[in-house]
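Descriptive structure summary
The primary structure of each chain is shown beneath.
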Amino acid sequence: MNEPTHTIGQNRQMRPTRRAILGGLGAAGLGTVAGCVGGGGGDNEALNVGLEWQVLESRDPIVSGIARRTQLYEPLVHLTHDAEFVEGLAESWSVGEDNLTWQFELRPDVAFHDGSTVDADAVEWSLNRAFEDAEDFQPVPIDSIDAIGDDRVEITTQEPFSPLLGYLTLDPAWIISPNSFDGDELVEPIGAGPFQFESWEPNERLTTTRFEDYYDGSPTVERVVWEYVHDDQTRALSLQNDELQIGRSLSEASVSTLEDDDGVDLHVYDVPRMRFIVFNNASGPFADVEVRRAVNYAIDRQEIVDGPLEGLTEPAVGPVPPSMAYWPNESLEGYEHDPERAIELLESAGWDEIDDDGIRIRDGERFEITLWGYSSHEIPIIAEVIQPQLSEVGIEMNITVTEYGALADAKERGEFDMSMESWATIMGGDLDRMLRYFHSTETLIDSGYENPRVDELIEQGRRTLDRDERKELYDEIQAIVMDEVPVAFLSYYARIDASRTSVDGFEPHPIEHTINVADVEFNSE
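Conventions and cut-offs
Residues numbered from 1 in each chain as written. Predicted model: local features only at pLDDT ≥ 70, side-chain atom pairs only at ≥ 80, totals over all residues. Heavy atoms only, no water. Pairing = 2+ DSSP bridges. Helix = DSSP H or I, 4+ residues; strand = E, 2+ residues; numbered from the N terminus. Buried < 20%, exposed > 50% of the residue type's maximum accessible area, 1.4 Å probe, protein only. Arc of directions from axis to C-beta. Contact = heavy atoms within 4.5 Å. Axes fitted to C-alpha atoms, helices over the stretch in contact; angles between N-to-C directions. Parallel < 35°, antiparallel > 145°, perpendicular 65-115°, else oblique. Left-handed = near helix turned anticlockwise from the far one by under 90°. Nonpolar A, V, L, I, M, F, W, Y, C, P; charged D, E, K, R; others polar.

**Observations regarding the sheet that holds strand S16 (residues 353–354)**
The strand order S16-S17-S18 describes an open sheet built from three strands, whose pairing is antiparallel. Two strands bound the open sheet, and with one partner strand each, they are S16 and strand S18 (365–366). Here two bridges tie strand S17 (residues 360–362) to S18, and the two strands are oriented antiparallel to one another. Across the sheet, Ile361 pairs through a bridge with Arg366, a residue of S18.

**Remarks on helix H5 (residues 232–240)**
Here H5 has its buried residues at Arg235, Ala236, Ser238 and Leu239. Within H5, the buried residues cover an arc of 165° as seen down the axis, which keeps them to one side. In this structure, the buried side of H5 is in contact with strand S2 (46–51), strand S14 (246–247), helix H6 (255–259), strand S15 (264–279) and strand S22 (487–500). At the C-terminal side of H5, Asp242 shows a positive phi close to 65°.

**Here's the deal with the packing of helix H13 (residues 452–463) against helix H14 (residues 467–484)**
Remark: H13 packs on H14, axes separated minimally by 9 Å, with the N-to-C direction vectors making an angle of 155°. It follows that H13 is roughly antiparallel to H14 by the angle criterion. Viewed along their axes, H13 and H14 form a crossing whose handedness is left-handed. Of the residues in H14, those in contact with Arg453, Val454, Leu457, Ile458, Gln460, Gly461 and Arg462 of H13 are Arg470, Leu473, Tyr474, Glu476, Ile477 and Ile480. Residues of the contact of H13 with H14, tallied by class, amount to seven nonpolar, two polar and four charged.

**Some thoughts on the environment of Glu57**
Checked against the element boundaries, Glu57 lands in the loop between S2 and helix H2 (66–70). For Glu57, a relative accessible area of 27% translates into the label partly exposed. Considered as a pair, Glu57 and Leu206 are 149 residues apart in the sequence and their alpha carbons are 9.9 Å apart.

As far as function goes, none of this settles anything; it's purely spatial.
Quick look at the structure:
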């Protein structure tokens, strides 16, 4: 069966591999809570991994998020746990004096899974396909991608573009062999990663086997079965029953149960992601910045963190979590819970009448709005916490929980009041994707927010290769959006993964660059 395609840890001690570098350059934000006694393992040949997101609808890295998660493919550059760029298929790279020409020197003698060579022609073909067809890559001002001999690839941009390396770590840029295709049809996925394709059941599971000729050393486990298990409780239960040996992105509600299970290790770690409310800035009550500020004051973020989030993360102050070290604007002050200030702002915005139910009225219209959300990331239960907080200041909030696609369609049409979502604040080791939340035309969140100065700063930051200069620009963006609050930042994010004590070497990546199971092995317990 063919899928849709686009036509247009604990590392082994015998040697210091690139995988060891990826994991060892910083796991400061990573914590493991282990059971008291080791539990039994699964099949010594197959490692079963439960995924929380549907990335198995296609094997094409342009179509789905399969590349980074399943290690079928390999990028030119990797990300360490500290969001530093290190070599992948490229052993070195440089930027010309014009700040437009990037040259990547390829590792010699790297093989695709079919035995063909990963040469400059194959990389050129794969990257051209990615930058032409991948929706997320449209902001990248690519001028040309060319093979220079067998071992060098040159990427030229139309203008300086500082986030380029970050984009090269995203799924579409992970290199797929031209031999994977018959015309436009993907026949068999052929990459150069540590695991190669064995079988695929669309939307359900993907089975891979270790690639003995992987350039960084063959993985320990023989076979990996990647399964899509959407429900949080089902993933946790499957892990406890040893049907899964690794479960990804478990809910806060499952922590206490898994912590008491002697056969399970919990991995709790900060990731550059946050939960936030998107306001409709273009129409309705939230077109008024004073009303948006009022809602920010009405929300008790600490109650959210201490309640449904089990105290595992922190209330959000601004758009960049503190785990990002260099990039947060340290001068930002968050919105404290202050219902009285919220009421003052609402009254000054004209919502100064109250009906018999305690709901505010302006020009005969009740302040009744709907919050859209989806079922992941504890969004429904957080919404239930916020509902009475807004009621306290005279706002009646209804809750609609739906599939993300329906929510996104409603937002694109502008037919929403506000939505609660959880997105990464960094993709590919760069803030560019997060800043696109606030760009008027390249927005990813359809908030209707427009600020020409913010647009200018985002675009200037892309053209600035000096890190400190970018920092100044991004600090100003953070200050503006905290003042104009096109969104309400709720909480930062702690990811919860778990593994059976029968496996060693699972070390989650705090930048969510990949799910590295190449160093995982079954122990003798």
